[in-house]
Amino acid sequence: MIFPNIKNLREDNDYKQRELAEYLNVSQNTYSQYENGVIELTASTLIKLAKFYNVSVDYLLGLTDE
C-alpha cells in the first residue's frame, strides 16, 4: 500500500527522507520504501509518524482528510 500522505507531509514540512529515517531509527532506503509502498508500515511506525506530524493515523492511511 502506498501512503501518499506521508510523502506529502514530509515535503510540505521541508523534511528530508534522511531526517524522518533518523527519527524512526531506520535507514533512508527503508524510509523511501515506506513512502513507495514497498514495505508496509507497522502500527508502531504509523503511530510515531502521526505523533511527529500531529495528525491521526487515519489521515496517514488516507481514510480521512482531517
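Above this text you will find the structure in question.
Cut-offs applied
Residues numbered from 1 in each chain as written. Predicted model: local features only at pLDDT ≥ 70, side-chain atom pairs only at ≥ 80, totals over all residues. Heavy atoms only, no water. Phe/Tyr/Trp six-rings, centres within 6.5 Å; stacked < 30°, edge-to-face > 60°. Buried < 20%, exposed > 50% of the residue type's maximum accessible area, 1.4 Å probe, protein only. Lys NZ or Arg CZ within 6 Å of the ring centre and 35° of its normal. Salt bridge = Lys/Arg side-chain N within 4 Å of Asp/Glu carboxyl O. Helix = DSSP H or I, 4+ residues; strand = E, 2+ residues; numbered from the N terminus. Contact = heavy atoms within 4.5 Å.

Undergrad: Is there a simple way to explain the packing of aromatic side chains in this structure?
TA: Each aromatic ring pair is summarised here by two numbers: the centre-to-centre distance and the angle between the ring planes. Summed over all chains, the structure comprises 5 aromatic pairs. Taking the centre distance of 5.0 Å and the plane angle of 85° together, the rings of Phe52 and Tyr53 count as edge-to-face. For Phe52, a relative accessible area of 27% puts it in the partly exposed group. What links up through ring pairs into an aromatic cluster is the set Tyr15, Tyr23, Phe52 and Tyr53. If you follow Lys48 out to its NZ or CZ, it ends over the ring of Tyr23, 5.6 Å from the centre.

Undergrad: So what exactly am I meant to see when it comes to the pattern of salt bridges here?
TA: Side chains bearing opposite charge may pair, as long as their charged atoms lie close to each other. Under the criterion given, the structure shown has 3 salt bridges. One salt bridge in this structure joins Arg18 and Glu22, with 3.6 Å as the shortest N-O distance. With Arg18 and Glu22 both in helix H2 (residues 17-24), this residue pair falls 4 residues apart, about one helical turn. Its relative accessible area of 46% is what places Arg18 among the partly exposed residues. On the accessibility criterion, Glu22 (54% relative accessible area) is exposed. One continuous salt-bridge network, built from bridges that share partners, spans Arg10, Glu11 and Glu35.

Undergrad: Quick question: what am I supposed to make of the side chain of Arg10 here?
TA: With respect to the secondary-structure elements, Arg10 resides in helix H1 (residues 4-12). Taking relative accessible area as the criterion, Arg10 reaches 8% and is therefore assigned buried. Contacts of Arg10, omitting those with residues within four sequence positions, involve Tyr15, Lys16, Gln17, Leu20, Tyr31, Glu35 and Tyr53.

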